[in-house]
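Each chain, written out:
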Amino acid sequence: MHFDNDDIPSNPSSNPSLQQLVQRAISRRTVLKSGLGIAALPFFGGLAACGSGGDSGTPAAVVEQLKPLKNAFVPLPASSGHEVVVPEGYVADVLYRWGDPLKSSAAYTWRGDATEGWIEQENQAGDNHDGMSYFPLAKNADGASESGLLVMNHEYVNYEYFFAPDTDPANWLEPWNADKAKKAQAAHGVSVVEVRRARDGRMSYVPDSQYNRRITGYTEIDITGPAAGADALRTSADPTGTRVLGTLNNCANGKTPWGTYLTCEENFNGYFGSTDPAYARTDLERRYGVSTSSGYRWHEVDERFDISKNPNEPNRFGWIVEIDPYDPESKPRKRTALGRFKHENAEVVVAKDGRVVVYMGDDQANDYIYKFVSDGKYDPSGTSFDSNLLDSGTLYVARFDAGDVTGDFKGTGEWLPLVQGRGPLTDANGFATQADVLINARGAADLLGATKMDRPEWIAANPRSLGEVFCTLTNNSGRTATDDANPRAANRFGQIVRWNEAGGDPTATSFEWDLFLIAGNPIAFPDRSDLNSGSAIITAENTFNSPDGLAFDYDGRLWIQTDGNFSNTGRHEGQGNNQMLVADLKTGELQRFLVGPSGCEVTGLAFTPDMRTMFVNIQHPGEIGSHPDAPKKPDGSVYGDNDIARDPTAFTRWPDGATAGRPRSATVVVRRADGRKLLG
């Protein structure tokens, strides 16, 4: 039961979309000359030297130390099975599953039947593992063992698996009550868990570690920055507007150079509803997708989520939250200077002058890409969680312009400042203060003319080329296109956009951009003049759809994770389950490295600094109704929520196999069996 409505646009503006810009930029004559349209764009190169101070991607010295991917592992074929698949010579161990206890007390042991209450759940791993980061603690002198903190998000819960059937045979959720809602809130948020690597390379987590803690949907969190204390953030429970309970729908993440974790609140709107049928939604609620109904049903038993009684409570979500993983007594902080929207991840870069830049996407169809530039500068010798470096700076939104096309497509762009009093961001337009701008960042971006994008997901900055940045645009089935430049009627495959900041400076206000990759399927669409086949690098061997997770490793390779259609039929024939691929920016190789079990999303990615260990999250394996081979009821109909609640392993038993009581989201540790670096 995934209450995900990020593919439903809530943007009423007439701002241009990226699709329209590409169509305008590439003339019919150019398309006909190549016969391929945008599919002819180079997968690598293109803008490599643009605005990067002459640094064209991974330095040659680094590349010489890396083996080409074709010599590092044997790429995987697509798979539609029920296991995590990795290349020969690699091992994928399950590390940390929904329900695993953070304390060794038997009271918190996973029972396997979802009968635990909220007290047990707040002492166990949350559900639907998503973005994560690894923070080193110690390394032994022999270099063979080490410990660190793994910090990860728990995005949402699958009700059909999350609760055990109750007393009502017609509906397993009934009777619905406050304890059940609180259990669901306890499974949201963040885990901080200590992990240790033994001499044989195996990773395990450490129950009872002093660092272990859960941050849930009701943990007290400070609100900081320009919007703290604003009228729109005040409630009867918090008249100061500076303290909020919980963080919700934590999707992807970020990591700061001073050692803190950034968790990003995405589809927060889905948790709110109204018990008053006459309640009239405000313009702000409509722009952010806040509705009078909610499948989570919290508003029925917890007034905090009832907008007719607490209309300001939704304004206290949709932020980026900073957490100090090394101090279990520290309170998380919602950093309002970074703006309020459906945050996917937060990619942190330090500019040459020391200012901190945070790139962010708003994961909804037809919404925007943002970046924040701090006023203060990062001081490696002293900056810490308490310096509040993310509380003061300028938030920008991106406008992608077509530019001058003289061959390979290149566009230009501008970062537009969301600053109260500039341009249309005035009191007359509803922005009396900077807090108003940040709380309604979407509305401010609408007025500035930002470019509508196809669901901006993860953003990754190239660590070997300052100012080169990539963003996955996962899909947008509502997209239409009628000319040769973009012939597919709907964007069901997604793409990755790349930009280079002017002068290689992340704080610049202009950039150039191109389409780094267009996903597609040459198996189902062998005519390479059709964009459904994807860009030239996409082959029958590496075809995929819906790029989502995106991250560079310490060696400068780019990893792509998917969250899309895994029916393996029709337009998605041969693509199999969701997967993870790795790209070498120097050689132009793109190869499939991991395939997840049926029904899952492959998401979350972290590495140990020595590149011997990779952490990957497998989210919602066997999610209801999502797999074409899911069993049918005796009458031939598809399983519904009630059916799967009473037969929870009907679709998959991953990761626990024959002993499973429920499918469980889990963190997987990938390593070479011989202990060498992941890619040699």
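Residues numbered from 1 in each chain as written. Predicted model: local features only at pLDDT ≥ 70, side-chain atom pairs only at ≥ 80, totals over all residues. Heavy atoms only, no water.

A short note on the overall build of the protein chain
Link 1 in the chain: If you tally the helices and strands in the protein chain, you get 12 helices and 30 strands.
Link 2 in the chain: Looking at the protein chain residue by residue over its 680 residues, the buried ones come to 62%.
Link 3 in the chain: Contacts spanning at least 24 positions in sequence make up 67% of the contacts within the protein chain whose residues lie at least 6 apart.
Link 4 in the chain: Of the roughly 22,800 Å² of accessible surface on the protein chain, 48% is carried by carbon and sulfur atoms. (Helix = DSSP H or I, 4+ residues; strand = E, 2+ residues; numbered from the N terminus. Buried < 20%, exposed > 50% of the residue type's maximum accessible area, 1.4 Å probe, protein only. Contact = heavy atoms within 4.5 Å. Areas by Shrake-Rupley, 256 points an atom, 1.4 Å probe, with all protein chains shown as cover.)

Observations regarding the confidence of the model for the protein chain
Link 1 in the chain: Within the protein chain, residue pLDDT values average 88, and 86% of them lie at 70 or more.
Link 2 in the chain: The model gives residues 24–66 a pLDDT under 50, and that stretch makes 96 contacts with residues more than four places away or in other chains.
Link 3 in the chain: Between residues 481–488, whose pLDDT stays under 50, and residues either more than four places distant or in other chains, the model counts 30 contacts. (pLDDT = per-residue confidence, 0-100.)

Digging into the pattern of salt bridges
Link 1 in the chain: Within this structure, the stated rule accounts for 42 salt bridges.
Link 2 in the chain: Measuring nitrogen to oxygen at the nearest pair gives 3.3 Å for the salt bridge that ties Asp231 to Arg234.
Link 3 in the chain: Assessed through its relative accessible area of 38%, Arg234 is described here as partly exposed.
Link 4 in the chain: With a shortest N-O distance of 3.3 Å, Lys633 and Asp643 are connected by a salt bridge. Taken together, the positions of Lys633 in the loop between strand S29 (614–619) and helix H12 (641–646) and Asp643 in helix H12 put the pair 10 residues apart, joining distant regions of the chain.
Link 5 in the chain: The exposure class assigned to Lys633 is partly exposed, which follows from its relative accessible area of 25%.
Link 6 in the chain: Of the residues examined, Asp643 reaches a relative accessible area of 25% and is grouped as partly exposed.
Link 7 in the chain: Each member of the salt-bridge network shares a partner with another, and the members are Arg287, Asp362, Asp367, Arg442 and Asp446. (Salt bridge = Lys/Arg side-chain N within 4 Å of Asp/Glu carboxyl O.)

Some points on the sheet that holds S29
Link 1 in the chain: The sheet built from 4 strands is open, its strands ordered S1-S30-S29-S28 with antiparallel pairing. One side of each edge strand has no neighbouring strand; the edge strands of this open sheet are strand S1 (90–97) and strand S28 (601–607). Taking the axes of each pair of neighbouring strands and ignoring which way they run, one obtains an average angle of 25° across the sheet.
Link 2 in the chain: As judged from the 5 bridges shared by S29 and strand S30 (residues 666–672), these two strands associate in the antiparallel manner. Bridge pairing in S30 places Asn617 opposite Thr667. (Pairing = 2+ DSSP bridges. Axes fitted to C-alpha atoms, helices over the stretch in contact; angles between N-to-C directions.)

What about the sheet that holds strand S21 (residues 468–473)?
Adjacent strands of a sheet form backbone hydrogen bonds with each other and so pair up, either parallel or antiparallel.
Link 1 in the chain: Taken in spatial order, the 9 strands line up as S13-S14-S16-S17-S18-S23-S22-S21-S20 in an open sheet, and their pairing is antiparallel. Looking at the sheet topology across the chains shown, the edges are occupied by strand S13 (343–350) and strand S20 (456–461). Between one strand and the next, the sheet's axes are offset by a mean angle of 30°, whatever the strand orientation.
Link 2 in the chain: In terms of strand pairing, strand S14 (residues 355–362) meets strand S16 (residues 369–377) through 6 bridges, oriented antiparallel.

A few points about the nonpolar core
Link 1 in the chain: Counting 76 residues, the largest nonpolar core has Tyr159, Trp298, Val358, Met360, Tyr370, Val397 and Leu418 as the members making the most contacts within it.
Link 2 in the chain: Filtering out sequence-adjacent residues up to four positions away, Leu418 remains in contact with Tyr370, Leu395, Tyr396, Val397, Leu425, Gln434, Val437, Ala441, Ala444, Ala445 and Leu448.
Link 3 in the chain: Counting residues in each nonpolar core, the second largest holds 26 residues, with Ala551, Cys600, Ile618 and Leu678 among its members. (Core = buried A, V, L, I, M, F, W, Y, C linked by side-chain atoms within 4.5 Å.)

A few points about the side chain of Glu344
Link 1 in the chain: With respect to the helices, strands and loops of the structure, Glu344 is situated in strand S13.
Link 2 in the chain: With no salt bridge to any partner, buried Glu344 finds its closest opposite charge in Arg455, at an N-O distance of 6.2 Å.
Link 3 in the chain: Once residues lying within four places of it in the same chain are set aside, the contact partners of Glu344 are Cys251, Ala252, Asn253, Cys264, Glu266, Gly361, Asp363, Pro456, Glu457, Trp458 and Asp548. (Lys, Arg positive; Asp, Glu negative; His and termini not counted.)

Some words on helix H7 (residues 178–186)
Link 1 in the chain: What H7 keeps buried is the set Lys180, Ala181, Lys183, Ala184, Gln185 and Ala186.
Link 2 in the chain: Packing partners of the buried residues in H7 comprise helix H5 (118–121), helix H6 (159–162), strand S6 (213–215) and helix H9 (298–301).

Concerning unusual backbone geometry
Trans is the prevailing form of peptide bonds, just as negative phi is the prevailing case for residues other than glycine.
Link 1 in the chain: That bond from Glu174 to Pro175 is cis: its omega, 0°, falls within 30 degrees of zero.
Link 2 in the chain: With respect to the element layout, Pro175 can be found in the loop between H6 and H7.
Link 3 in the chain: At the junction of Trp654 and Pro655, the peptide bond is cis and its omega measures out at 5° in the coordinates.
Link 4 in the chain: Relative to the helices and strands, Pro655 is located in the loop between H12 and S30.
Link 5 in the chain: Backbone geometry places Asp208, a non-glycine residue, at a positive phi of 75°.
Link 6 in the chain: For Asp208, the position within the fold is in the loop between strand S5 (203–205) and S6.
Link 7 in the chain: For Asp208, a relative accessible area of 46% corresponds to the partly exposed category.
Link 8 in the chain: With phi around 50°, Asn249 is a residue other than glycine that occupies positive phi space.
Link 9 in the chain: One can find Asn249 in the loop between strand S8 (243–245) and strand S9 (250–255).

Observations regarding the side chain of Glu322
Link 1 in the chain: As for its placement among the helices and strands, Glu322 is situated in strand S11 (residues 320–323).
Link 2 in the chain: Within the local environment of Glu322, its side chain forms a polar contact with the side chain of Thr260, the two groups lying 2.6 Å apart.
Link 3 in the chain: A polar side-chain atom of Glu322 sits 2.8 Å from a polar atom in the side chain of Arg335.
Link 4 in the chain: Leave out the neighbours within four places in its chain, and Glu322 touches Thr256, Trp258, Thr260, Tyr261, Leu262, Pro332, Arg333, Arg335, Phe385 and Leu390. (Polar contact = N/O pair within 3.5 Å; in protein donor to acceptor, adjacent residues only side chain to side chain.)

A few points about helix H11 (residues 441–448)
Link 1 in the chain: In terms of burial, H11 is a largely internal element, 7 of the 8 residues being buried.
Link 2 in the chain: Positive backbone phi, at 85°, marks Gly449, one or two positions downstream of H11.

A few points about the pairing of strand S7 (residues 220–224)
Link 1 in the chain: Here S7 pairs with S8 via 3 bridges, running antiparallel. Across the sheet, the residue bridging to Glu220 is Leu245, located in S8.
Link 2 in the chain: Sheet analysis places S7 next to strand S12 (residues 333–335), joined by 3 bridges and oriented parallel. Bridging from a neighbouring strand, Asp222 pairs with Arg333 of S12.

Considerations on the packing of aromatic side chains
Link 1 in the chain: Tallied over the full model, the rule gives 38 aromatic pairs.
Link 2 in the chain: Summarising the aromatic geometry, the rings of Trp258 and Tyr378 are spaced 5.9 Å apart at their centres and angled 40° between planes, so their arrangement reads as tilted. Note that Trp258 is positioned in the loop between S9 and strand S10 (261–265) and Tyr378 in the loop between S16 and strand S17 (393–401), a separation of 120 residues in sequence.
Link 3 in the chain: Ring pairing ties together the aromatic residues Trp98, Trp110, Tyr159, Phe162, Phe163, Trp176, Tyr271, Phe272, Tyr296, Trp298, Phe305 and Phe317, which thus form one cluster.
Link 4 in the chain: Its end group placed over the ring of Tyr218, Lys182 keeps NZ or CZ at 4.7 Å from the ring centre. (Phe/Tyr/Trp six-rings, centres within 6.5 Å; stacked < 30°, edge-to-face > 60°. Lys NZ or Arg CZ within 6 Å of the ring centre and 35° of its normal.)

Re the state of the cysteines
Link 1 in the chain: For the structure on display, the rule yields 0 disulfides.
Link 2 in the chain: Not part of a disulfide, Cys251 finds its nearest cysteine sulfur in Cys264, a span of 7.9 Å.
Link 3 in the chain: Relative accessible area serves as the criterion here: at 5%, Cys251 is assigned to the buried category. (Disulfide = S-S within 2.5 Å.)

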